[in-house]
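# Close look at the chain arrangement
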Amino acid sequence: MVGVRIDLHVHSTASDGTDTPDALVAAAAAAGLDVVALTDHDTTAGWDLASAALPPGLRLVPGAELSCVSPDGRGGQATVHLLAYLFDPDSPAVVAEQTRLRLERRERLRRMAERMAADGFPVDADELMAALPTGATAGRPHLARALVAAGVVSSVDEAFARYLGTGGPYYLGRTDTPVHTAIDMIAEAGGVTVLAHPFARTRGPVVTPEVVVELAGRGLAGLEVDHPDQDAPTRAELRALATDLDLIITGSSDYHGTNKTVRLGQETTAPEAFERLLDRAGADRVVTG
């Protein structure tokens, strides 16, 4: 696999990206990727369309990004995201939890939009919800794009910074999956888990290294080290931690289309790390175009 380019964290319109799953795999091939993982938030709805549209030679890793809550190592809790790969999408536990989360996300998005409308913002909650792709996981970027379209802000980033980010005036929380439950659930479904952007401190509070040690003992397979939201010193810190714990080191763009400025393949995973990930999975569910 010398020279193979692998991006293990991208999003489509099945959650909060702007590329449809079929357009996303076409863009991945055009960007020179050999392997791409579709990891929409709390859903597998894009897998079939992406698989059917795979360009020749491109390999698709079916996955999802799971929203979780974890002890933060300081006596409190923190939001963490797990990248789950190669699991059975029909596992009853996975189906039930993803359904719960999608329903809660939709209700949360509607309530945020209604609060903004009540305060005079040019946002219509019914129109916002009706415009969501069928079965898509609702997220704050959908409301952010509505604010851009209405001329309230100039970008999705500005919408988050001023209104929708954690602690912002229109932010509402949600009931995420306990991280231990998520790791166990994916393992039982034949998949593997990697902690996404673990020390991306610009996003909000993160867990301590001691929590990562505990999650590794629970079955966590890897750490996403090379990520656009983690600077060089943070990456070095994570790389050393992963090496000490014998965790798989991954790199990914976290591409969201026009919602973010990152490019497909901006960060990549080493081929040998990808092989280790495949070896840890209970089944080979990679799809080849």
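Notes on the structure in this doc start here. Quick caveat, the model's predicted, so the values are computed rather than measured. (Residues numbered from 1 in each chain as written. Predicted model: local features only at pLDDT ≥ 70, side-chain atom pairs only at ≥ 80, totals over all residues. Heavy atoms only, no water.)

## Brief notes about the overall build of the protein chain
Counting its secondary structure elements, the protein chain contains ten helices and nine strands. In summary, the protein chain has a C-alpha radius of gyration of 18 Å against a globular reference of 19 Å for 289 residues, a match within 12%. Considered along the principal axes of its C-alpha atoms, the protein chain spans approximately 55 × 50 × 40 Å. Expressed as a percentage of the 289 residues in the protein chain, the buried residues total 52%. Contacts in the protein chain between residues far apart in sequence, at least 24 positions, make up 73% of those at least 6 positions apart. Roughly 11,800 Å² of accessible area belongs to the protein chain as shown, and the carbon and sulfur atoms make up 52% of that amount. (Helix = DSSP H or I, 4+ residues; strand = E, 2+ residues; numbered from the N terminus. Rg over C-alpha atoms; globule rule 2.2 N^0.38 Å. Buried < 20%, exposed > 50% of the residue type's maximum accessible area, 1.4 Å probe, protein only. Contact = heavy atoms within 4.5 Å. Areas by Shrake-Rupley, 256 points an atom, 1.4 Å probe, with all protein chains shown as cover.)

## Overview of helix α10 (residues 271-280)
Residues of α10 that are buried: Pro271, Ala273, Phe274, Leu277 and Leu278. For α10, the angular spread of the buried residues around the axis is 160°, confining them to a single face. In α10, those exposed residues whose orientation departs by more than 90 degrees from the buried face are Glu272 and Asp279. On its buried side, α10 packs onto β1 (6-10), β2 (35-38), β3 (59-71), β4 (77-85), β6 (192-195) and β8 (248-251). (Arc of directions from axis to C-beta.)

## A look at the environment of Leu238
Among the structural elements, Leu238 can be located in helix α9 (residues 232-245). Judged by relative accessible area, which is 0%, Leu238 ranks as buried. A C-alpha to C-alpha distance of 23 Å links Leu238 and Val35, two positions 203 residues apart in sequence. Apart from residues lying up to four places away in sequence, Leu238 is in contact with Pro198, Phe199, Leu223, Glu224, Val225 and Gln230.

## Thoughts on the packing of helix α7 (residues 179-188) against helix α8 (residues 209-218)
Remark: α7 packs on α8, axes separated minimally by 10 Å, with the N-to-C direction vectors making an angle of 30°. Considered as vectors, α7 and α8 are oriented roughly parallel to each other. Like other packed secondary-structure pairs, α7 and α8 cross with a definite hand, here right-handed. Taking contact as the criterion, the partners of Val179, His180, Ile183 and Asp184 in α7 are, on α8, Glu214, Leu215 and Arg218. (Axes fitted to C-alpha atoms, helices over the stretch in contact; angles between N-to-C directions. Parallel < 35°, antiparallel > 145°, perpendicular 65-115°, else oblique. Left-handed = near helix turned anticlockwise from the far one by under 90°.)

## As for unusual backbone geometry
Most peptide bonds take the trans configuration, and most residues that are not glycine carry a negative phi. Notably, His197 is not glycine yet its phi reads approximately 25°, a positive angle. For His197, the position within the fold is in the loop between β6 and α8. On the basis of relative accessible area, His197 is assigned to the buried category, the value being 8%. The residue Asp246 is not glycine, and still its phi comes out positive at about 60°. Inspection of the secondary structure puts Asp246 in the loop between α9 and β8.

## Regarding helix α5 (residues 140-149)
Burial in α5 covers these residues: Arg140, Pro141, His142, Leu143, Ala144 and Leu147. Packed against the buried residues of α5 are α3 (92-118), α4 (125-130) and α6 (156-164). Positive phi shows up at Gly151, right after α5, with a value of about 80°.

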